Amino acid sequence: MQINVLATGAAPDYYTFNGETITAHHEGVSEVYDLSDFPEGGTFTGAGQVNGVTALRHVERTGGELKVKLCQQVGAGHWQESGWMDDTSYDPDAINVKQDGSKAYSGTAWAKTRLGRAEA
Amino acid sequence: MPITLTGATGVDSPGFTENGDPIVESGSNSDGEWTRWADGTQSIINHNKIVNVFVSVGSIKVQWLFPSPFINELSYAVVASYRARFNSDEPTTFAGRSAGVSTEAAGGIGLGLYSSSSISISCHWVAGSSGAGFAAGDKMHVSIMATGRWK
């Protein structure tokens, strides 16, 4: 499965993967999303939230491969999506999104991981 | 009684700052840009929100998840307008048809389903205008901003 992690103001704390099933975890609550039946050319219209936050931003299947946009919560600072990567490269304890350090901002830059807030 | 004016502007004001800075936090992420001021004001903006979920020939919609949430759903106001594509490689506004359908035909932008962290944006086709209405794959580009309270 290919994933792209978006930098967002609200997000699950982390995700785990098992084949084409994604589990989103947020503040002790988990939600399982089985995407194995998502069809080629199908239109993603939304998915249920986990503990009040949106976990899946986009799903598509291209050439048989599942492509999913997830998200990671960020605070101050300028942040960009991770870019497409294999789900095996996802690290729940790390900042998967990218920080743009070239632009000024106020406050302390951080992103949330399974371990809590991590300052960039 | 004579009035005494003080300060550079002639008026003393408490001057909302935090650690001497009127801006507490700012940044940007996949959902837009945001700034939080010490007096509790927050502004957020997305210069290019794409509305692309087909509902019917009469409308398309999308949900804007805010780059930073407000304190509650009653604490902010929103404005939005159509905009042209920034770059030539952005998706064609009307899939499968030549460009040139006017925003007047597309009609107004609807804003609703307010929550503290998101809002629904919809674009509505004007009945009786030129064209056949929206089709699956159509996209409208919207600039949208909201101002309100973060605390």
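This write-up is about the structure you can find in this document. (Residues numbered from 1 in each chain as written. Chains lettered and ligands numbered in written order. Predicted model: local features only at pLDDT ≥ 70, side-chain atom pairs only at ≥ 80, totals over all residues. Heavy atoms only, no water.)

### Brief notes about the overall build of chain A
Link 1 in the chain: Each helix and strand in chain A was counted, giving zero helices and eleven strands.
Link 2 in the chain: Listed by position from the N terminus, the elements making up chain A come as β-β-β-β-β-β-β-β-β-β-β.
Link 3 in the chain: The C-alpha atoms of chain A give 14 Å as radius of gyration, which agrees with the globular expectation for 120 residues (14 Å, within 12%).
Link 4 in the chain: The buried share among the 120 residues of chain A stands at 49%.
Link 5 in the chain: When contacts within chain A are restricted to residue pairs at least 6 apart in sequence, long-range pairs at least 24 apart make up 50% of them.
Link 6 in the chain: If you sum the accessible surface of chain A, you get close to 5,700 Å²; carbon and sulfur atoms cover 43% of it.
Link 7 in the chain: With 9 positive and 16 negative side-chain charges, chain A shows a separation of 7 Å between the mean positions of the two kinds. (Helix = DSSP H or I, 4+ residues; strand = E, 2+ residues; numbered from the N terminus. Rg over C-alpha atoms; globule rule 2.2 N^0.38 Å. Buried < 20%, exposed > 50% of the residue type's maximum accessible area, 1.4 Å probe, protein only. Contact = heavy atoms within 4.5 Å. Areas by Shrake-Rupley, 256 points an atom, 1.4 Å probe, with all protein chains shown as cover. Lys, Arg positive; Asp, Glu negative; His and termini not counted. Charge placed at Lys NZ, Arg CZ, Asp CG, Glu CD.)

### With respect to empty space enclosed by the protein
With a probe scaled to a water molecule rolled over the atoms, the places where space remains empty come into view.
Residues and elements named next belong to chain A.
Link 1 in the chain: Summed over all chains, the structure comprises one cavity of 30 Å³ or more.
Link 2 in the chain: Roughly 40 Å³ of internal volume is contained in the largest cavity.
Link 3 in the chain: Lining the largest cavity, in full, are Val5, Pro12, Asp13, Tyr14, Tyr15, Cys71, Gln72, Tyr90 and Lys112.
Link 4 in the chain: For the lining of the largest cavity, the secondary-structure elements that each account for two or more residues are strand 2 (14-18) and strand 6 (65-73). (1 Å grid on protein atoms, 1.4 Å probe; cavity = no way out; pocket = protein on both sides within 12 Å on 5 of 7 lines; lining within 4 Å. Points joined across faces, edges and corners; volume = space filled by probe spheres on them.)

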